[in-house]
Amino acid sequence: MKKKMVSVLLCAAMAAATLAGCGSSGDTTPAADSGTEAEAPAAEGGTEAPAAESAGDGLVYWSMWDAAEPQAKALSQSIEAFTAETGIAVDVQFKGRTGIREGLQPALDAGTNIDLFDEDIDRVNTTWGSYLLDLEELAKANDYEATANAGLIAACREVGGGTLKSIPYQPNVFAYFYNMDIFEEAGVTKVPETWDEFLDTCQKIKDAGYTPITNDNAYIASLFGYHMSRLIGEPATEEVVKNGDWDNEAVLKTAQAYEELASKGYFSETIESNQWPAGQNTELAMGTAAMYLNGSWLPNEVKDIAGEDFKWGCFSYPAVDGGTDGTEASNYGAQVFAINAKSTKAEQAFQLITYLTKGEADALLSEMSVGIPADTSNAEWPALLTNVKPVMDSMQTRYPWAAGAEANADMTPIIIENFTKLCGGSLDAQGFVDALKAAGN
C-alpha cells in the first residue's frame, strides 16, 4: 500500500515537473552542504508557491529550494497531502539559495511571521543558531527518533551545541564517485582503501586508456582538505588554514602527494581550465574520466548526460600511512528543518516536519530527487545510490565542508588557484607552499 501511495504521489509530481521543467543536470550551479562559494544558488531570488488555502492561521515555511527543483516539487506534493489530512494550511515560500541566505536573517530580525525554515545543517545551526527553538521536548513527545538516522540526529545535536535544534532530511555524503565499467575494464577489483591502493588504481585506469581523476574549481579545494585531514585530522587542518600555518609539514606532504599524481598523468589534461560543471558533465558523465570527489547529489545532477546504463560506484577518500583519520571520516550531513523560536505554532510546525521527513513523503522526496531517505524505515534507496549506502553507513567522524580547507574565506580562492595549478603540473609541491605563504604575508 505504501509503495502504491508513493507511486501515485510520484506520478502527480512528475506530471507537474514535465509541465514546469526540472532542475537537475540543467542547473547552472553546484549543490553542496556548505556555505562556500562552491555551492552558489540554484536560482536567484525566490519563488513563492501558492498555499493550499489562505495562510490565515496556518504555518509559514521558508524553503531553500527553488520552485523548479525536484525537491520543491516533492515537498509541495507532500504539503498538499498534509493539509488535506490535518486541515493545517501551509504557506510555503520557495526562496532559492540566494533568497534564503540573504533574506532569512533580516526577515527574522524584523519579526516577519516565519514558523519554520530549512537549509544545510551547518548554516542553520551555526549562522542562524540564535533563532532556533529547542526541539528536544517535541522530539521526545512524538518519539521522533524511533526511525530517524541516529548518526544525523547526533550530528544535529553536535552542531547545535549539544541540543537538538534541527531535524535532518535529504542526507548526503562526500566521497569519491566513480564509473564502475571503467574500473572493471581496467581490472580494478576492489575500491582503494589506502593511498598506495589508490595510486595502483589510478595507474590501472590510465593504462586502460582513461583519465583517472577529474575535478574543477567548485570542489578542488576538498582534495587538499581531505588529504590534510587524513594526515593530521580535521580540527588541526582547520587551524592550519585559519592561522596560515603553511610551514606545517602536513601541507608539504599533501602537496607532494598531489605533485606525484600530476607527474604520473593521473589528472584530466584540462584540470587547470575546468570550470564547474565541466569535470562532472563533459568528463565523468561522458565516460572519459573515472573518478571525481563530490557529493551524493552528483548522480542526480548528471543522470541525463550519463544515461541509464551508467554504473555508479562510491568509496571514501583513502587512508594515508601514519595518518590520523581513515575511511570512516568524511563530510556527511543533510539539509535540516528548524522552527523559529518566536513561532506561536511550534507543535503544528513539528507536526509538518515529522510528516515531511518520514514515511511516504520522505520516500517521495528520495525518489524524485535521487536522494538518500531520512527515515530508516525507507530502506529502499534510489538505484543510482545503491553503492553509496555502505559508505554512508560506515561514517563515524564528521568533517565540515571541504574538510577544513575552506575555513578561511580569505584564503579559499588562493588555495583553489594554486592547488589547481599543482594538480595541473604547472606548480610543484614547494611552489604551492610558497604561494600560500606569500599570500598570507
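Further up the page is the structure itself.
Summary of the structure given here. Computed from a prediction, not measured in an experiment: that's the story for all the values here.

Let's shift gears to the pairing of strand S7 (residues 289-295). Most of S7 is tucked away: 7 of the 7 residues are buried. Across 5 bridges, strand S5 (residues 167-179) lies against S7 in antiparallel orientation. Bridge pairing in S7 places Tyr 176 opposite Leu 293. Where strand S6 (residues 211-213) and S7 come together, 2 bridges link them in parallel fashion. Paired with Thr 211 across the bridge in S7 is Ala 289.

Our focus in this paragraph is helix H9 (residues 220-232). It helps to recall that an α-helix has 3.6 residues per turn; residues three or four apart then point in one direction. Between its first and last C-alpha atoms H9 spans 19 Å; for 13 residues at 1.5 Å apiece the expected length is 18 Å, and the two agree. Counting buried positions along H9 yields 12 of 13 residues, so the element is predominantly enclosed.

With respect to the helices and strands, the residue Ala 186 is situated in helix H7 (residues 180-186). Among the residues examined, Ala 186 registers a relative accessible area of 14% and is labelled buried. Through-space distance from the C-alpha of Ala 186 to that of Ile 205 is 5.2 Å; in sequence the pair is 19 residues apart. Residues within four places of Ala 186 in sequence aside, it is in contact with Lys 204, Ile 205 and Ala 208.

Looking now at the side chain of Glu 69. Residue placement: Glu 69 occurs in the loop between strand S2 (59-63) and helix H2 (70-86). A distance of 2.8 Å separates a polar atom in the side chain of Glu 69 from the backbone nitrogen of Asp 66. For Glu 69, the side chain forms a polar contact with the side chain of Arg 97, separated by 2.8 Å.

To continue, consider the environment of Thr 282. When you line up the elements, Thr 282 lands in helix H12 (residues 278-284). Once the C-alpha coordinates of Thr 282 and Ile 305 are considered, the two residues, 23 residues apart in sequence, prove to be 8.7 Å apart. Ignoring anything within four residues of it in the chain, the contact list for Thr 282 reads Pro 277 and Thr 288. Of the polar contacts made by the side chain of Thr 282, one reaches the backbone oxygen of Ala 278; its length is 2.6 Å.

Under the criterion given, the structure shown has 15 salt bridges. Lys 437 is the partner of Asp 247 in a salt bridge, and the nearest nitrogen-oxygen pair spans 2.9 Å. With Asp 247 in the loop between helix H10 (234-243) and helix H11 (249-263) and Lys 437 in helix H18 (residues 429-440), this residue pair connects regions lying 190 residues apart in the sequence. Judged by relative accessible area, which is 58%, Asp 247 ranks as exposed. Measuring nitrogen to oxygen at the nearest pair gives 2.8 Å for the salt bridge that ties Glu 260 to Lys 264. Overlapping salt bridges bring together Arg 101, Glu 119, Asp 120 and Arg 123 as one network.

What follows covers the packing of helix H8 (residues 195-207) against H11. The interhelical angle for the contact between H8 and H11, taken along N-to-C directions, is 15 degrees, at an axis separation of 11 Å. In terms of orientation, H8 and H11 fall into the roughly parallel class. The interaxial crossing formed by H8 with H11 has right-handed handedness. Contacts between H8 and H11 involve Trp 195, Phe 198 and Leu 199 from the former and Ala 257, Tyr 258, Glu 260 and Leu 261 from the latter. For the contact of H8 with H11, the per-class residue count stands at 6 nonpolar, no polar and 1 charged.

Relative to each other, H11 and helix H17 (residues 412-424) sit at 40 degrees, their axes nearing to 7 Å. Our classification of the angle between H11 and H17 gives oblique. Judged by residue contacts, Thr 254, Ala 255, Tyr 258, Glu 259 and Ala 262 of H11 engage Phe 419, Leu 422 and Cys 423 from H17. Broken down by class, the residue content of the contact of H11 with H17 amounts to 6 nonpolar, 1 polar and 1 charged.

What counts and how
Residues numbered from 1 in each chain as written. Predicted model: local features only at pLDDT ≥ 70, side-chain atom pairs only at ≥ 80, totals over all residues. Heavy atoms only, no water. Buried < 20%, exposed > 50% of the residue type's maximum accessible area, 1.4 Å probe, protein only. Helix = DSSP H or I, 4+ residues; strand = E, 2+ residues; numbered from the N terminus. Pairing = 2+ DSSP bridges. Expected span 1.5 Å × (residues − 1). Contact = heavy atoms within 4.5 Å. Polar contact = N/O pair within 3.5 Å; in protein donor to acceptor, adjacent residues only side chain to side chain. Salt bridge = Lys/Arg side-chain N within 4 Å of Asp/Glu carboxyl O. Axes fitted to C-alpha atoms, helices over the stretch in contact; angles between N-to-C directions. Parallel < 35°, antiparallel > 145°, perpendicular 65-115°, else oblique. Left-handed = near helix turned anticlockwise from the far one by under 90°. Nonpolar A, V, L, I, M, F, W, Y, C, P; charged D, E, K, R; others polar.

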